[in-house]
Amino acid sequence: MKKRWPITILYRAFSSSTTSTTASFPLKHVKKSNFDSALSSLRHHIQAADFVAIDLEMTGITSAPWRDSFEFDRFDVRYLKVKDSAEKFAVIQFGVSPFRWDPLKQSFITHPHNFFIFQRQELPLDGAAYEFLCQTTSMDFLAKYQFDFNACIHEGVSYLSREQEDKALKHVNSTYKDESLDSWHSLKEIRDTHLFNIPDILFAERMKDRLSEWLGGLLRNRDEGSEVQPSFNDSKQQFETIFFKMRPAISLNGFTSHQLRLIQLVVRKHFKDLAYLRVSGENSCSQNVIVYIESESVKKMLMKEVKDEQKIDAEMSIKASIGFRHVIDLLSSEKKLIVGHNCFLDIAHIYSKFFGPLPLTAEEFISSVNKYFPHIIDTKILLNSNSILQQRMKKSSTSLSKAFSVLCPQIALGSKSTHLSLQPSVKVEVEVDDIRSSNWNSGVKHEAGYDAFMTGCVFAQACSHLGIDFKQQSSSENLAHNEKLREHVNLLYLSWTNGEIINLSTGNRTSESLASNKRKNHYPKILFECIVIVWGFPSHLKAWDIRECISKVYGPTSVISVYHVDETAVFVQFSRAEMVSKFLDLKESLDRNNDPISVLHPLAKLLEGGNTCAASYETYKEICSSTVSKVLFADQAKAVGIKWKTKLVESSDKTKEHESLRKVKAVNSDPSCGERTKNKNFDDVSNDSSYSQLSSDEIIDSFYTREAKQI
Amino acid sequence: MVPKFKPSPLRIRSFCTKTVQQNPHHWPIKQITKTNFNESLSEIKNHISSSDFIAVSLQNTGSFSSPWHRVSTFDTPETAYLKAKFAAERFQILQFAICPFKLQASKVIAYPYNFHLFPRDELKMGMPSYSFTCQTSYLTAMAKEGFDFNTCIYDGISYLSEAQESTVKVRMGNPMAVDHATKSSSSPALSVADTVFIERVRSRVKHWKNACTDSDIKTEAALVTSLRKIVLGGEQFGSRPSMTIDVCSERQVQLVLKMLEDFSDVLVPLIIPAKGGGTQAVRAVLTSSDEDKHLLKRELQTFEFEQNKRVRGFREVIDLISASQKPIVAHNSLNDFTFIHSKFLAPLPPNMNEFICSLRLAFPQVIDVNYLLKDIGPVKKMTNISATIAYLKNRFFAPIEMEIPNQANENEGKIHGHNVVKICQLFGKLCSILKITPDAIESSDDFLASAINRYANIFYSLPGSSQEPTNEEIRGWTNDKRKVSCEDVVFLWGFRERISAGILKNMLQGSHEVFAEAFNVRMVDRSCAIVVFGKPGLSNTFKNVMNSKEVSGPLREMVSDGLKAAGYETYQRVCSSGLWESALADALDKALASHNCLSEAAYETKQSEIYLSNELINLAEL
């Protein structure tokens, strides 16, 4: 799922009629069964590629309506929201499409791969279970595009992140280091607790007799040079004589774990020349054997041998579960130019799924991403920031499918219609399983492999418009270093909503300049120190009421805007920063003094119900950083453990962090409200009254169309 | 009481019918998705109303995320409920199997259905759920059974809970007929403003009404008609003319309604709810006659009915079960009914008592087969139904014949939902062993009621004891029946990871004199262990020692290495404040930290928060 889904839903609704044909776009679908072979061929394609386009499909975008992206997101808050999304949702499809310029055919050759991925818990590590969140609307959206959930869950390729692999390896190391120590302890345990009861003692005696009988027979036979008597093997086959590493041994079958422990005890206590071992037999089930050994040194050697073997086995199984991460490792080690479309969230997902936990701050994240992927280019930024391309795009939306159909009409329609290509267009051929084709039906949008293919085509065409001549581009030179692309490399939209761009190589943040004229809404510059977040107010209060209420106290120009985070919370932006602390002080004193004067105070309307809380923007950030996700913001604040009602700003000297202990209570426990208000954009206050006249559907529609125009 | 054994024709028939299936894999369980839901409803309704019991079984997307989140033997009913609540709020039901069944002698006649559910946001309001969590191991296990996720997500039946439905009704802004409850009888004294308001509205209504009735006679130019419409504010409601009267307050609503009573011969008032609750406007609909008026009222009713049905989705079935008031048989009732409550009734209340009260309103009798099992003997709690059935087969002679007259949908993929039939089978066996026989059922309803009542509504019980547990007890972790007071339990953490209970016990043994007496240690998860003292009072001594400066010797060494201890009340606080960290040690640390924080703020701990004294648990072998 891309961030852009709500818009594309609408877009799709209009365009789906053209794509509803039984699409047979040549795409290599990769599942568990053909992963290994696909990986080895992909390795060559990536190594030879000029750039690699990628795309991801996820099980959701936002874990709660208030975590959606807003104009009021400061860059650090924006990062926290992306982090939350990447940590909670799963990636279920990964599209990789390496593009290579073929000088003979004067066209690009691409090998679009569509990986179904699904992380299974394959290693026997205890601790937290693997789990992920599904956003119902996203699942429904994927279903609309015929996403094959069965292929994903039944046959998806699993993976381990680098961090998970390290942990597992460490675990293996410590297991095989500690073993002697642990077994000594467990031995002591047995002596302490179990040999007091008569059945255990009798059982141990019997085992002792049988073992000495076996041993006696063995020694006798050795002296006499004859075979081991098969008669020893009893009817139950509990004791089976076998050869273990060229040594005579008994394999123990059909004992309970308690009995096995007793046998182990007997062996250690009474038989110097027997060793008890637990080895992993065939079919990966563990097998208990007692081996005959001549001396202590041989025993040590044997133990070490077995231990090393087990360790190697364990390490092998860890290596085997790396799975899809091999593809990511390949992309990273080849240092190829990665091309994505509006891909900040995608990169965050890649980081958290295949490298390790996301860093706490955006800065750290950016610098580590840059280490793993030195060259990333975002086609959405490219299209929006370059005037030539903007012209080419004829000011249309820069959503992936739109860009694809505008920039690459000859590809979008298949190369059937050659008469269209009057403008210089880049030729692209698709090769799957050694079969090349330049003729195809359109693929299914929102299938990661096809989206990656579209992204790559858009990029190739954009490069050509920028004046990059692939004919002169030497294959050894990295495309990322091309001077015409240099200014676009490693720029990502931190947030498309407010056009904030981050440079991965420098960490600098800039606001979008060129494209800003395309944006319909001009908002006053947001000063985060002027913002108060208010939540838990009476549910019937709307932005307009809150604005009016506060304006009565501080004057009509005091409040610049009131913005709904969700049904239960608003941002209030004051005109001056000092009003934030004034407001919080006032609110706190009104809460404290429940006298008639405070009841008649204009703010009393806002405080009605006694659950209204307020704090500065920093508290909002704190709440965003929590791993909990309640649907309503007021519930979230409560779940985060906020027990005060007003958090005064640090600078106010008198009562520092006076904590009112009355509990914050959720107002209006209806979880659905957020869905509607989430889409409700910045509140121009005057708009609000018109909103209330519309039905909720109309609001959403109007929002969607507006957004669709923007994107 | 003479058992009335009837040589039932059913019994004879059962020999020749081929619907008797003993092999679970051939049980014809009807699979229901969005496509065949509506057509199956009436059939299900009939089976429910003619059944004696209804068995239910759920397939969820997960149960517990960390080892300690699992309801365990050291939980009180309260903490067990909180754990179940946490799971029910996060995970999703993908399959809901119900099976109305009858018990006749040694035969169970069952009508199993398996519903595929998916919470689709059909109204674009973030309902029934914004998101849900999946555990990969659960999905993988379902995949192994051949579960079709595409069918589930594409074709699953959606639903809304009762609570959600009522908010949706308001949100959709459908006009509501005025019932007598909303008409307030007491009319307060009218102020001048009120009178002005009423008169203004009255004259508008009068004009409009006259104009409408006039225009029936006169033939006017289209332009004039539309102009008139604009001027008079008239609209159409369906095929009837109507007029919207805007109101600013609930008081004005009352005034308008009262005024409209004067026109009650032809006008029907409707209330248009505002989006955020309250009333946005009153709409008066003009009807041509008394007959027409009734017709309109009926139309409104059917419209509402149809719409509600669409919105409710699968909850229709829950409502049918609830309305039948039949006893419900489940296998893991605490888990299943926290899910049912949170998805189909309302958000889960904060504690067990409220939950049980709220649930009882919808389902008066819930019987957990696990609880029936306990009456048979000291059986371990069996999580696997098939194993339990096999166990009973070996110990008792109680053959149960399964008859499933359903015709499963032909040519459909895998059949799912076998558990629900197994529950029926197990219940039949248990009833026959416990002599809650069908004969008794036929002879006296009262007898049945009391027999069943004895087993109903026990969601969490101690093994080996048949009385309902109280919050002062926690049960042991195996079949040992010794009871231990919660007071004697201490949680220990902050030792090195991957330590075994045995080693920890050894380490503790020599560390302090409180450990000279008998005590037991058990690991809760990798990070935390519980210690149970055999002698009352020692746990307090130990906790005091841990918190004092006098701690010395090996124990001091361990404390310096990070060892921490807390009583059972801290664990209860962890559960009640929702500190579901993945390691219990982290959760306990957090609980202690927030507690200290509160006490610093001179926040007095309520007396009731200190649960010590007489809480009991059963203790296991250690």
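Residues numbered from 1 in each chain as written. Chains lettered and ligands numbered in written order. Predicted model: local features only at pLDDT ≥ 70, side-chain atom pairs only at ≥ 80, totals over all residues. Heavy atoms only, no water.

## Regarding the overall build of chain B
Then comes step 1: Along chain B, the regular secondary structure elements total 23 helices and 21 strands.
Then comes step 2: Out of the 622 residues belonging to chain B, those deemed buried represent 53%.
Then comes step 3: Long-range contacts, defined here as pairs at least 24 residues apart, represent 78% of the contacts in chain B between residues at least 6 apart.
Then comes step 4: When the accessible surface of chain B is split by element, carbon and sulfur atoms take 53% of a total near 28,300 Å². (Helix = DSSP H or I, 4+ residues; strand = E, 2+ residues; numbered from the N terminus. Buried < 20%, exposed > 50% of the residue type's maximum accessible area, 1.4 Å probe, protein only. Contact = heavy atoms within 4.5 Å. Areas by Shrake-Rupley, 256 points an atom, 1.4 Å probe, with all protein chains shown as cover.)

## Let's talk about the overall build of chain A
Then comes step 1: Per the secondary structure count, chain A includes 27 helices and 21 strands.
Then comes step 2: A total of 711 residues make up chain A; the buried ones form 57% of that total.
Then comes step 3: Across chain A, the fraction of contacts at a sequence separation of at least 24, relative to all contacts at a separation of at least 6, is 74%.
Then comes step 4: By element, 53% of the accessible surface of chain A is carried by carbon and sulfur atoms, the whole surface being about 30,500 Å².

## Remarks on a nonpolar patch on the surface
Then comes step 1: A cluster of nonpolar side chains, I198, I201 and L202 of chain A, forms an exposed patch at the surface whose accessible area comes to about 290 Å².
Then comes step 2: The residue I201 of chain A is located in helix α7 (residues 198–224) in this model. (Patch = residues over 30% accessible without salt bridge, like charges linked within 9 Å, V, L, I, M, F, W, Y side chains within 5 Å. Salt bridge = Lys/Arg side-chain N within 4 Å of Asp/Glu carboxyl O.)

## Points about the environment of S161 of chain B
Then comes step 1: Take S161 of chain B: it is sitting in the loop between α5 (149–155) and α6 (162–172).
Then comes step 2: Among all residues touching S161 of chain B, those that are not within four sequence positions of it are R315, K343, F344, L345 and A346 of chain B.

## Overview of the sheet that holds strand β19 (residues 528–533) of chain B
All names here are of chain B.
Then comes step 1: Overall, antiparallel pairing links the 4 strands, which are arranged β18-β19-β17-β20 in an open sheet. The sheet is open, and its two edges are formed by β18 (519–525) and β20 (564–567), each paired on a single side. Across the sheet, the mean angle from the axis of one strand to that of its neighbour is 25°, orientation sign disregarded.
Then comes step 2: Of the pairings in the sheet, the one linking β18 to β19 comprises 6 bridges and is antiparallel in character. Counted as the bridge partner of F519 is F533 from β19.
Then comes step 3: Sheet strands in contact with helix α19 (residues 501–509) are β17 (489–493), β18 and β19, and its direction is about 135° off that of β18.
Then comes step 4: Across the face of the sheet, helix α20 (residues 538–547) comes into contact with β17, β19 and β20 while running at roughly 140° to β20. (Pairing = 2+ DSSP bridges. Axes fitted to C-alpha atoms, helices over the stretch in contact; angles between N-to-C directions.)

## Focus: the packing of helix α14 (residues 369–376) of chain B against helix α16 (residues 418–434) of chain B
All names here are of chain B.
Then comes step 1: Viewed as axis vectors pointing N to C, α14 and α16 meet at an angle of 30°, and their least axial separation amounts to 10 Å. The angle between α14 and α16 places the two elements in the roughly parallel class. The crossing of α14 and α16 is left-handed. Residues V369, L372, L373, D375 and I376 of α14 form the contact with α16, whose own contacting residues are I423, L426, F427, L430, I433 and L434.
Then comes step 2: Here the residues of the contact of α14 with α16 sort into 10 nonpolar, no polar and 1 charged. (Parallel < 35°, antiparallel > 145°, perpendicular 65-115°, else oblique. Left-handed = near helix turned anticlockwise from the far one by under 90°. Nonpolar A, V, L, I, M, F, W, Y, C, P; charged D, E, K, R; others polar.)

## Thoughts on the sheet that holds strand β16 (residues 500–503) of chain A
All names here are of chain A.
Then comes step 1: Here we have 3 strands laid out as an open sheet, ordered β15-β16-β17, and antiparallel in their pairing. The two strands at the open ends of the sheet, each matched to only one other strand, are β15 (491–495) and β17 (509–511). With strand direction ignored, the average angle separating the axes of adjacent strands in the sheet is 35°.
Then comes step 2: Bridge count for β15 against β16 is 4 bridges, and the pairing is antiparallel. Along β16, the bridge assignment pairs S495 with E500.

## Regarding helix α24 (residues 633–640) of chain A
Residues and elements named next belong to chain A.
Then comes step 1: Taken as a whole, α24 has its buried residues at F633, A634, Q636 and A637. Buried residues of α24, viewed axially, fall in a sector of 160°; they line one side.
Then comes step 2: As for α24, its buried residues are in contact with β18 (531–535), β19 (559–566), β20 (569–574) and α23 (617–624).
Then comes step 3: Two residues or fewer after α24 comes G641, characterised by a positive phi angle close to 100°. (Arc of directions from axis to C-beta.)

## Re the packing of aromatic side chains
Residues and elements named next belong to chain A.
Then comes step 1: In the structure shown here, the tally under the stated rule is 66 aromatic pairs over all chains.
Then comes step 2: With centroids separated by 6.4 Å and ring planes inclined at 85°, the aromatic side chains of F404 and Y450 adopt a geometry described as edge-to-face. In this pair, F404 is assigned in helix α15 (residues 400–407) and Y450 in helix α17 (residues 448–465), connecting sequence segments 46 residues apart.
Then comes step 3: Judged by relative accessible area, F404 falls into the buried class, the value being 3%.
Then comes step 4: Taken together, the ring pairs in this structure connect W66, F70, F72, F528, W535, Y563, F571, Y617, Y620, F633 and W644 into an aromatic cluster. (Phe/Tyr/Trp six-rings, centres within 6.5 Å; stacked < 30°, edge-to-face > 60°.)

## So, the pairing of β20 of chain A
All names here are of chain A.
Then comes step 1: The element β20 is extensively covered by neighbouring structure, given that 6 of its 6 residues are classed as buried.
Then comes step 2: What you see with β20 is no split at all: A569, F571 and Q573 on one side and V570, V572 and F574 on the other are buried throughout.
Then comes step 3: Pairing geometry for β18 and β20, over 5 bridges, is antiparallel. Bridge assignment links I533 to a residue of β20, and that residue is F571.
Then comes step 4: The pairing of β19 with β20 spans 6 bridges and is antiparallel. Bridged to S561 within β20 is Q573.
Then comes step 5: If you look at the hairpin formed by β19 and β20, you'll find 2 residues sitting between the two strands.

## Brief notes about the pattern of salt bridges
If charged atoms from side chains of opposite charge come close, those side chains can pair.
Then comes step 1: This model, assessed by the stated rule, comprises 33 salt bridges over all chains.
Then comes step 2: Across the salt bridge formed by E87 of chain A and K83 of chain A, the nearest N and O atoms sit 3.3 Å from each other. Taken as a pair, E87 of chain A and K83 of chain A lie in helix α3 (residues 75–88) at a separation of 4 residues, close to a single helical turn.
Then comes step 3: Judged by relative accessible area, which is 11%, K83 of chain A ranks as buried.
Then comes step 4: Across the salt bridge formed by R312 of chain B and E165 of chain B, the nearest N and O atoms sit 3.5 Å from each other.

## Brief notes about the environment of L588 of chain B
Residue and element names in this part refer to chain B.
Then comes step 1: Structurally, the position occupied by L588 is in helix α23 (residues 584–600).
Then comes step 2: Linking L588 and A566, residues 22 residues apart in sequence, is a C-alpha distance of 7.9 Å.
Then comes step 3: Not counting residues up to four positions away in its chain, the partners in contact with L588 are F491, W493, C528, T570, Y571 and V574.

## Digging into the confidence of the model for chain A
Then comes step 1: Within chain A, residue pLDDT values average 76, and 77% of them lie at 70 or more.
Then comes step 2: Below pLDDT 50 for its whole length, residues 416–421 of chain A participates in 4 contacts with residues either more than four positions away or in separate chains. (pLDDT = per-residue confidence, 0-100.)

## Re the packing of helix α2 (residues 34–50) of chain B against helix α11 (residues 315–324) of chain B
To characterise two packed helices, one gives the angle between the axes of the helices and the distance between these axes.
All names here are of chain B.
Then comes step 1: The geometry of α2 relative to α11 is characterised by a closest axis approach of 11 Å and an angle of 15° between their N-to-C directions. By the angle between their axes, α2 is roughly parallel relative to α11. The element α2 and its partner α11 pack so that their crossing is right-handed. Contacts from F37, L41, K45 and I48 of α2 reach α11 at E316, V317, L320, I321 and S324.
Then comes step 2: Tallied by class, residues from the contact of α2 with α11 come to 6 nonpolar, 1 polar and 2 charged.

## Quick notes on unusual backbone geometry
Residues and elements named next belong to chain A.
Then comes step 1: At Q146, a residue that is not glycine, the phi angle is positive and equals roughly 60°.
Then comes step 2: Positionally, Q146 belongs in the loop between α4 (136–144) and α5 (149–155).
Then comes step 3: Of note, the phi angle at K335 is positive, near 50°, even though the residue is not glycine.
Then comes step 4: Counting through the fold element by element, K335 comes out in the loop between α10 (325–334) and β11 (337–340).

## Let's talk about helix α15 (residues 385–395) of chain B
Residue and element names in this part refer to chain B.
Then comes step 1: Residues of α15 that are buried include every one of I385, T388, I389 and L392, and no others. Angular distribution of buried residues about the axis of α15 spans 100°; they occupy a single face of the element. Opposite the buried face of α15, at more than 90 degrees from it, the exposed residues are K393 and N394.
Then comes step 2: Tucked into the core, α15 has its buried residues touching α14 and α16.

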